[in-house]
Amino acid sequence: MRDTFLPFSPPLIEDEEINEVIKTLKSDWITTGPKTKRFEEEFKNYFNAPSALALNSCTAALHTALVTLGIGPGDEVITTPMTFCASVNVIEHVGARPVLVDIEADTLNIDPEKIETAITPRTKAILPVHYSGHPVELDSIYEIANKYNLFVIEDAAHALSARYKGKFIGSTTNPVCFSFYATKNLTTAEGGMLTGDPEFIEKARIISLHGMSRDAWKRYSKEGSWYYEVVFPGFKYNMTDIQASLGLWQLKKIDRFQRRRREIAKMYNEAFSKEETLEVPVERPYVEHSWHLYVLRLKIESLKIGRDEFIEELNKRKIGTSVHFIPIHLHPYYKNKYGFKPADFPVAYSNYLRMISLPLCPRLNNKDVQDVIEAVLDIVRIYKR
Ligand SMILES: *Cc1c(COP(=O)(O)O)cnc(C)c1O
C-alpha cells in the first residue's frame, strides 16, 4: 500500500506560471488588461473559436450567456440532471425554468432522443453538458434546435480539448462555456471562458462588466478616455491579469497535459475492462474525449458492497476519489421546488448509485496510476460475489 494519500485531482502549476504571476504582481496592471487580452487571443486561436471572452468562472460564462440571449422569466431551458449545480443554478438566476431530460446510459450525456418530448412553446434553449469530457451528440442537438428555433449553450467545463467529429468543442458560433477551476484540465485557480459569434461576444463583454460600453482598462490606458456609458445593469465577472498569467502558460502546455490524461485513461481501461464487476467509460469513434474525469461504474449486483463502501475501501488504501455528480433532482432546492422523485430520471439516478471518479490528472506518475489500479482490483477480489 502507498504511504502517502493520493489526492483526487491536484493542479499542475510549474515555474513558468509562478514567474508570470510574480511579473504581473510587480507590474502596474494586475486586473483585466493586456495579459487577459492575450489569453483570449491565444485561446481563440488554439481552439479555433470565432471569438472569446475571459471571465472569472464558467458559472459567470453560463449566466452571462443566458442574459445576453435575453432568456428570463417565463422561459424554459432544457438541461441534464447529471451535472454540477452551476449549470442549473444559472437558469434559476435569470428566472427561467430548468427542464431536466434524462441521459444516455453509455456516455451519461443528455439523451437527444428524449429532448423533443420536453419542448414546449416556452422552451428557449438547450444547455447540454459534455459530461466528463465526452462530447454530447451535437449534430442531433443542433438539428432539434434548428427545428424549434432554440439556442444551444454548451457547458464545456469538462470539455477543453475535446473534439466532436474532428472539430474542437468551442469552435462553433453558439455560446460555449469553459471552466478554469482548480481541478479542471487547464486552471487559473478560478476562471472561465465564453466563446461564440463575435457580435454575441461583444455584447456579452459589456454585460459581464457592469454593462459599461467601454472596457475599464482601456479607460485608464493612454488611448482611453474617462468617458463611458452604462447601457445595462451588468455584472462583475471579468478575469484578472493574475489569472491570465496562469492561463497563458497552462494553454502552452495543454497538449502535453492532454496526452498524459489520455495515457492514464488508457492504463485504467486496460486494467479494468476485463474485470466483469466493472464498467469502463466509453469513447465514441468520432469524438475525442478530453478525459477530464475517469468515471468507473460498478456492477453492483456482482459485488457484496455498494459504491459508498467501495469509496471507503479506496480511502483506506489512500486513494482519493469523488462522485460526479449527485443528480440535480436529488438536491433539496430542486426536489422541493419541482417535486422531483429519484426515479423521474432513472438513468441518471441508477448510474449515480454506482459511479466513482478515479484520480486523473497530469500530476500522476505511473506508480500512482498503478497504485489506483491495484487498490481497485484488490477491493474487487475481496468483495466479488
Ligand atoms: C466545474 C463546473 C462548472 C462550474 O465551473 P466554475 O468555473 O467553477 O464556475 C460548471 N459546470 C460543470 C459541469 C462543472 O464541472
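This write-up is about the structure you can find in this document.

1. Observations regarding the site of the ligand
Residues in close proximity to the ligand total 15 residues, the closest being Thr59, Asp155, His158, Ser179 and Lys184. Contact distances for the ligand include 2.5 Å between an oxygen atom and a side-chain N or O atom of Thr59. At 2.7 Å, a side-chain N or O of Ser179 approaches an oxygen atom of the ligand. Here the ligand loses 92% of its free accessible area of 380 Å² to cover by the protein chains. By residue class, the composition of the shell around the ligand is six nonpolar, seven polar and two charged.

2. Looking at helix α7 (residues 198–208)
Of the residues making up α7, those classed as buried are Phe200, Ile201, Ala204, Arg205, Ile207 and Ser208. One side of α7 carries all its buried residues, which in axial view fall inside an arc of 165°. Backbone geometry just after α7 places His210 at a positive phi near 65°.

3. What about the environment of Ala54?
With respect to the helices, strands and loops of the structure, Ala54 is situated in strand β1 (residues 52–55). Separated by 205 residues in the primary sequence, Ala54 and Arg259 place their C-alpha atoms 25 Å from one another. Look past the residues within four positions of Ala54 in its chain and what remains in contact with it is Thr36, Glu40, Gly192, Met193 and Met239.

4. A look at unusual backbone geometry
In this structure, Phe325 follows His324 across a cis peptide bond, with omega equal to 10°. On the secondary structure map, Phe325 appears in the loop between α11 (307–316) and α12 (332–338). Of note in the backbone geometry, Ser161 takes a positive phi value of approximately 85° without being a glycine. Although it is not a glycine, His210 sits at a positive phi angle of roughly 65°.

5. Concerning the side chain of Ser179
Positionally, Ser179 belongs in strand β9 (residues 176–179). A distance of 3.2 Å separates a polar side-chain atom of Ser179 from the backbone nitrogen of Tyr181. With residues near it in sequence (within four places) discarded, Ser179 still touches Cys58, Ala157, Lys184, Leu186, Gly191 and Gly192.

6. Quick look at the packing of helix α1 (residues 15–25) against helix α9 (residues 241–252)
Contact pair α1 / α9: the axes reach a minimum separation of 8 Å and the direction vectors enclose 150°. Taken together, the axis directions place α1 and α9 in an arrangement best described as roughly antiparallel. Once α1 is placed against α9, the crossing between them reads as right-handed. Residue-level inspection shows Glu16, Glu17, Glu20, Val21, Thr24 and Leu25 of α1 in contact with α9, the latter providing Asp241, Ile242, Ser245, Leu246, Trp249 and Gln250. Split into classes, the residues belonging to the contact of α1 with α9 amount to five nonpolar, three polar and four charged.

7. Here's the deal with the pairing of strand β13 (residues 294–298)
Counting buried residues in β13 gives five out of five residues, a clear majority hidden from the surface. Of the two faces of β13, both are covered, the one formed by Tyr294, Leu296 and Leu298 as well as the one formed by Val295 and Arg297. Across two bridges, the pairing between strand β11 (residues 278–279) and β13 is antiparallel. Note on β13: the bridge partner recorded for Glu279 is Arg297.

8. A short note on the packing of helix α3 (residues 58–68) against helix α4 (residues 85–93)
Relative orientation of the contacting elements α3 and α4 amounts to 35°, with a least axis distance of 9 Å. Classified by chirality, the crossing of α4 by α3 is right-handed. Two secondary-structure elements touch here, α3 through Thr59, Leu62, His63 and Leu66 and α4 through Ala86, Ser87, Val90, Ile91 and His93. Within the contact of α3 with α4, the residues separate by chemical class into five nonpolar, four polar and no charged.

9. A closer look at the pattern of salt bridges
Where charged atoms from two side chains of opposite charge come close, those side chains can pair. In total, this model carries 35 salt bridges according to the counting rule given. Notably, a salt bridge pairs Lys165 with Asp139, separated by 2.6 Å at the nearest N-O pair. With Lys165 in the loop between β7 (163–164) and β8 (167–168) and Asp139 in helix α6 (residues 138–148), this residue pair connects regions lying 26 residues apart in the sequence. Sharing partners across several salt bridges, the network here consists of Glu14, Glu16, Glu17, Lys253 and Arg256.

10. Side note on the state of the cysteines
Between two cysteines, a covalent bond joining their sulfur atoms is known as a disulfide. Summed over the entire model, instances satisfying the criterion amount to zero disulfides. A disulfide-free cysteine, Cys85 has its sulfur positioned 11 Å from the sulfur of Cys58, the nearest such atom. Cysteine Cys177 remains unbridged, with the sulfur of Cys58 as its closest cysteine sulfur at 5.4 Å. Under the relative-accessibility criterion, Cys177 is labelled buried at 0%.

11. A word on the sheet that holds β11
Pairing in this open sheet of three strands is antiparallel, and the strands run β11-β13-β14 from one edge to the other. Of all strands in the sheet, those with a lone pairing partner are β11 and β14 (355–358), marking the two edges. Packed onto the sheet, helix α10 (residues 254–272) meets β11, β13 and β14 and runs at close to 15° relative to β13. Along the sheet, α11 contacts β13 and β14; its crossing angle with β14, the most-contacted strand, is approximately 25°.

Analysis parameters
Residues numbered from 1 in each chain as written. Predicted model: local features only at pLDDT ≥ 70, side-chain atom pairs only at ≥ 80, totals over all residues. Heavy atoms only, no water. Near = heavy atom within 4 Å. Polar contact = N/O pair within 3.5 Å; in protein donor to acceptor, adjacent residues only side chain to side chain. Areas by Shrake-Rupley, 256 points an atom, 1.4 Å probe, with all protein chains shown as cover. Nonpolar A, V, L, I, M, F, W, Y, C, P; charged D, E, K, R; others polar. Buried < 20%, exposed > 50% of the residue type's maximum accessible area, 1.4 Å probe, protein only. Helix = DSSP H or I, 4+ residues; strand = E, 2+ residues; numbered from the N terminus. Arc of directions from axis to C-beta. Contact = heavy atoms within 4.5 Å. Axes fitted to C-alpha atoms, helices over the stretch in contact; angles between N-to-C directions. Parallel < 35°, antiparallel > 145°, perpendicular 65-115°, else oblique. Left-handed = near helix turned anticlockwise from the far one by under 90°. Pairing = 2+ DSSP bridges. Salt bridge = Lys/Arg side-chain N within 4 Å of Asp/Glu carboxyl O. Disulfide = S-S within 2.5 Å.

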